[in-house]
Amino acid sequence: MGARILVIEDNATNLELMVYLLEAFGHLPLVAADGEEGLAVARRERPDLIVCDVQLPKLDGYAVAQALKGDGALRPVPLIAVTAYAMVGDRDRMLAAGFDGYIAKPIVAESFVQQVEAFLPSAQRARQPAAWEAATAVEPSVSAEGIPLPREQGF
Ligand code: MN
């Protein structure tokens, strides 16, 4: 299963690239272009993971992180910062704000999805296309028996 991943990013080029890469690996991106919208989408959609730019209009990434981690329903959702700065102290500040990790900008197309998936349970990590087809092919027989699959278990 792909994951529902909220991407909060005000830079259209970066947003497009991240959405493109996540979709290419079978994930379902949700998007928001500022911190307020990001919080609203997170609360409404309860994504599996959130990728969040640090410099954002309305509410910056630190404020978004504090709000998300102060919300009992959203606190367990992995939260990854995407940031151009990696100055001394920034890492500590990000972790203190509640981010579970960070990915440096510029986004590297070859490794971005892998970096994100390190924060997902293995069942929600993307598969190679052939394995993905095999995985989805077993779904009908499973659901035909009416056995609900626990979300954390893969095929
Ligand atoms: Mn930004």
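Here we summarise the structure given alongside this text.

Conventions and cut-offs
Position labels on residues start from 1 in each chain and follow its written sequence. Thresholds applied to this predicted model are a pLDDT of at least 70 for local features of residues and 80 or more for the giving and counting of side-chain atom pairs; totals over whole chains, interfaces and linings are not thresholded and use all residues. Hydrogens and water molecules were not included; the side-chain quantities draw on all heavy atoms of the structure. Helix numbers and strand numbers start at the N terminus; a helix is a DSSP run of H or I with at least 4 residues, a strand a run of E with at least 2. Relative accessibility thresholds used throughout: buried, under 20% of the residue-type maximum; exposed, over 50%; partly exposed, between the two (1.4 Å probe, protein chains only). Donors, by definition, are the N, O and S atoms found within 2.8 Å of a metal, the threshold being 3.2 Å for Na, K and Ca, and water is not counted, so a site can look incomplete.

**Side note on unusual backbone geometry**
A negative phi holds for most residues other than glycine; trans holds for most peptide bonds.
Okay, so step 1: Following Lys105, the chain continues into Pro106 via a peptide bond in cis, with omega recorded as 0°.
Okay, so step 2: Note that Pro106 resides in the loop between β5 (101-104) and α5 (112-117).
Okay, so step 3: For Arg46, which is not a glycine, the phi torsion comes out positive at approximately 45°.
Okay, so step 4: Considering the arrangement of structural elements, one finds Arg46 in the loop between α2 (35-45) and β3 (49-53).
Okay, so step 5: When its relative accessible area of 48% is taken as the criterion, Arg46 is described as partly exposed.
Okay, so step 6: Unusually for a residue other than glycine, Lys58 sits at a positive phi of about 70°.
Okay, so step 7: You can see Lys58 is positioned in the loop between β3 and α3 (61-69).

**A look at the coordination of the manganese ion**
Okay, so step 1: The coordination sphere of the manganese ion contains the protein donors Asp10 (OD), Asp53 (OD) and Gln55 (O), at a distance range of 2.0 to 2.2 Å.
Okay, so step 2: Spacing between the donor residues of the manganese ion along the chain follows D-x42-D-x1-Q. Of this pair, Asp10 sits in the loop between β1 (4-8) and α1 (12-24) while Gln55 sits in the loop between β3 and α3; the two residues are 45 residues apart in sequence, bridging distant segments of the chain.

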